[in-house]
Amino acid sequence: MSMTAIEQVIEKYPEARREYLIPLLQDIQSLEGYLSKESVVKVGQHLKLPASKIYGVATFYNQFRFNAPGKYHIQVCRGTACHVKGSSSLLDTVTRELKIKPGQTTRDGLFSLEVVACLGACGLAPLVCINGEFHASVDNKKIKKILKGLTTEGKKNE
Amino acid sequence: MITIEVNDKKLEAKQGETVLSALKRAGISVPTLCYLDGMTPTGACRMCVVEIDGFADLIPSCAFPVSDGMKIQTDSPRVLNARKTIVELLLANHPDDCLYCPRNMNCELQNLSEIAGVTDRKFLAKKSEHSLDFSSPSIIRDPEKCILCGRCVRVCEEVQGVSAIDFIGRGSRAIVATAFNEGINVSNCIFCGQCINVCPTGALTEKSDIKNVLNAINDPKKTVVCQIAPSVSVTVGEEFGIKLGEDVAGVMTSALKQIGFDRVFETSFSADLTIMEEAAELVSRIVNKGTLPMFTSCSPGWVKFIEQYYPQLLGNVSSCKSPQQMLGSLIKNYFTKSEGIDPKDIYSVSIMPCTAKKFEAGRGEMGLDGVDDIDAVLTTRELVKLIKMKGLDLKSINPMLPDDPFGDRSSAGKIFGVTGGVMEAAIRTAYNMITGEDLKNLVIKEVRGLEGIKEATVKIGDLEVNVAVAHGLGNARKVMESIISGEKNYHFVEIMTCPNGCIGGGGQPIGLDLDAVRARMQALYRIDEKEAIRTSHDNPSIKRIYDEFLGKPNSEISHKLLHTHYHKREDILV
Ligand code: SF4
Ligand code: SF4
Ligand code: SF4
Ligand code: FES
């Protein structure tokens, strides 16, 4: 997001009140997909809050991301049903394959990973959602295949 | 006065004070952890809990006010048990590598574990996995040893007004870190080290230069010299059982020789030099209607602070390098020539009460033609380690004088170590530069003492010079705001990063011992009282260096060697 876009969000909260911090961050994230360093510093200047405080507050909630989402944003469901069906090992596989932790984005910008509590489709467990598209009954083999396919596709389109 | 009952004995307490403060005054000790004298109590760690009649739960004494007739138990089985459990929980994921820890034998966690009677590992939690943050030249963070007491966070926010670090994340994953969990080097940290002084554990330490210094000493090709800052000699004795506030400068000099330094100098000499240059700069700014007020530039944390937060005022900062850098530059560019030493073969160490000095020594604005002014900086704490390592007994060493050609200092150069000292020294010399005479009374009382912000108006000839002195960057911020708003009109402002000045520096012995700080201050003022040479311009070594080398203050050569300029910082997460 460009600086002016962040500024436009900030302009919606002309009063520099600290209780606007969370709504401000939410607005920025829904526009940009994540909270960049620049936007956190900007918000800090507006609300007169140091960046460390904002980051501290933002990391207290699970909803904020601090890395630009990848071309393929992978959500691994860790709800109860998915857990019972082995989503923990699934998550391990994804982190190992992509060498990123939840909340991070791969260096080439292709993949980002997020853990979600429940996607509400427990019948399809274990469930992985990639750019909004559900993949049902995913096991380790299947996820590796999906990731491989996306890597080839992503690289080709570059 | 009200009456309370503690462990079945009656005690007097003051209305409005906390239970802890009443207990302390009565000499009843209750262990604390998150509590910091003079700062907002958070009641977070619960180490200080006591039993109070009428309350079902144990009460944190540091955050609870006394009331008349209150009945308190500080040592009941329930209290002792709770305390022990708290310590056991803190230890559950602790790395336990005391033997390799910089805080071994000087660690509050060890101490708490001892007094709580912990003998084995009661709880076993997954060890936290965080890597060391080595990114800065001054400070090492080891989050695995952090017990989340929050003291560093509060000092950084409440004393320094910086907030480089805060609690990040929550629950079992919470840590204390910078914004975006970045290396502290790219944060807004100004490297003052105040967080180190309050940290109960080895989670925050200085980046040690001891190894490098010993390597240089053991290298036969190197001439190794050192300079020792004004505040260090009135502090170091404390760590060797010498009474508070005793000046051990002479003994230090001998000890440093025994450690292997070829020459030992005092930074107080170059503090005098700084005063000559800075007073001349002030006089010239006043006479030529230059940018005023002028700000002192000898405290590197402050310099980084103004670069980050008030870049529009950088023109107000004196162009003088700090005394550390000035002496460093003279050692490399003057001493080497007169001694016939190749600058490459000299290793120049400074011993400072400060962690930010490590950062300053590596700044690109320092040095000349690729040769650094200073090669290594040791803190007071590192000096203590070095003396212990060498097994020296300070009480049985004969004192020595520092070496020539920088052998003399004035007492003005010595009081640099306390808040207000630079101001007092500078006024003494500026007065002489303008009027040709010395002040009748050299003591400027208004700028002495430990008040956070001090002001004075000094008459110099027909001029009324308004000055301000602040220490702790929270106070500096207030002064800056009052200047920007036009509320205040100063000519000269002294800022020291650390509370109470260098005597309270972030490289000084661990802890916030105000009695010790006061004793250090008094020691410096005693020196000023009893000595013959009390003004920088009367220091014979200073006169000589201007005669033989520098010409006059602010000359071309002094600009080349002793002055610099600073720049706005864009790369920082503020
Ligand atoms: S911080 Fe204290 S308890 Fe922890 S390893 Fe270091 S000395 Fe030991
Ligand atoms: S060194 Fe100073 S500025 Fe940096 S984190 Fe510690 S207290 Fe804050
Ligand atoms: S780093 Fe030290 S002072 Fe800061 S919270 Fe951790 S243990 Fe406490
Ligand atoms: S010291 Fe009182 S709650 Fe921590």
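Treat the numbers as computed from the prediction; the structure is a model and nothing was measured.

Criteria and thresholds
- Residues numbered from 1 in each chain as written.
- Chains lettered and ligands numbered in written order.
- Predicted model: local features only at pLDDT ≥ 70, side-chain atom pairs only at ≥ 80, totals over all residues.
- Heavy atoms only, no water.
- Helix = DSSP H or I, 4+ residues; strand = E, 2+ residues; numbered from the N terminus.
- Rg over C-alpha atoms; globule rule 2.2 N^0.38 Å.
- Buried < 20%, exposed > 50% of the residue type's maximum accessible area, 1.4 Å probe, protein only.
- Contact = heavy atoms within 4.5 Å.
- Buried area = accessible area lost by both parts, 1.4 Å probe.
- Salt bridge = Lys/Arg side-chain N within 4 Å of Asp/Glu carboxyl O.
- Near = heavy atom within 4 Å.
- Nonpolar A, V, L, I, M, F, W, Y, C, P; charged D, E, K, R; others polar.
- Domains from an automatic or database assignment.
- Pairing = 2+ DSSP bridges.
- Phe/Tyr/Trp six-rings, centres within 6.5 Å; stacked < 30°, edge-to-face > 60°.

As a further point, take the overall build of chain B. For chain B, the helix and strand inventory stands at 18 helices and 17 strands. Its C-alpha radius of gyration of 25 Å places chain B within 12% of the 25 Å reference for a compact globule of 574 residues. Overall size of chain B, expressed as C-alpha extent along the three principal axes, is 75 × 55 × 50 Å. Across the 574 residues in chain B, those meeting the buried criterion constitute 60%.

This part covers the interface of chain A and chain B. With 15 residues of chain A at the interface, the matching set in chain B holds 17 residues. Summed over both sides, the interface of chain A with chain B buries roughly 1,400 Å², with 62% coming from carbon and sulfur. Across the contact surface, chain A and chain B share 3 salt bridges. With a shortest N-O distance of 2.9 Å, Lys53 of chain A and Asp166 of chain B are connected by a salt bridge. Counting only elements with at least two residues in the side of chain A that touches chain B, the list comes to helix H3 (37-47) and helix H4 (51-60) of chain A.

As a structural note, the neighbourhood of ligand 2 is formed by Ile139, Cys156, Val162, Ala164, Ile165, Cys189, Ile190, Phe191, Cys192, Gly193 and Cys195 of chain B. Of the residues that constitute the shell around ligand 2, the class distribution is 10 nonpolar, 1 polar and no charged.

Below, the discussion takes up the domain arrangement of chain B. Each assigned domain of chain B is listed with its residue range as follows: domain 1 (2-75), domain 2 (91-206) and domain 3 (211-562). Centre-to-centre separation of domain 1 of chain B and domain 3 of chain B, based on C-alpha positions: 42 Å.

This next bit is on the pairing of strand E14 (residues 376-379) of chain B. Residues and elements named next belong to chain B. Burial along E14 is two-sided: the face carrying Ala376 and Leu378 and the face carrying Val377 and Thr379 are both buried. The pairing of strand E13 (residues 346-352) with E14 spans 4 bridges and is classified as parallel. Within E14, the residue paired with Met352 across the bridge is Thr379.

A word on the environment of Leu31 of chain A. Its place among the elements puts Leu31 of chain A in helix H2 (residues 21-32). As for Leu31 of chain A and Ile6 of chain A, which are separated by 25 residues in sequence, their C-alpha atoms are 8.9 Å apart.

Taken as a whole and judged by the stated rule, the model has 18 aromatic pairs over all chains. Ring centres of Phe60 of chain A and Tyr61 of chain A lie 5.6 Å apart, and the angle between their planes is 80°; on these two criteria the pair is classed as edge-to-face. Here Phe305 of chain B and Tyr310 of chain B contribute two aromatic rings whose centre-to-centre distance is 6.4 Å and whose plane-to-plane angle is 45°, an arrangement assigned as tilted. Each member of the pair, Phe305 of chain B as well as Tyr310 of chain B, is classed as buried.

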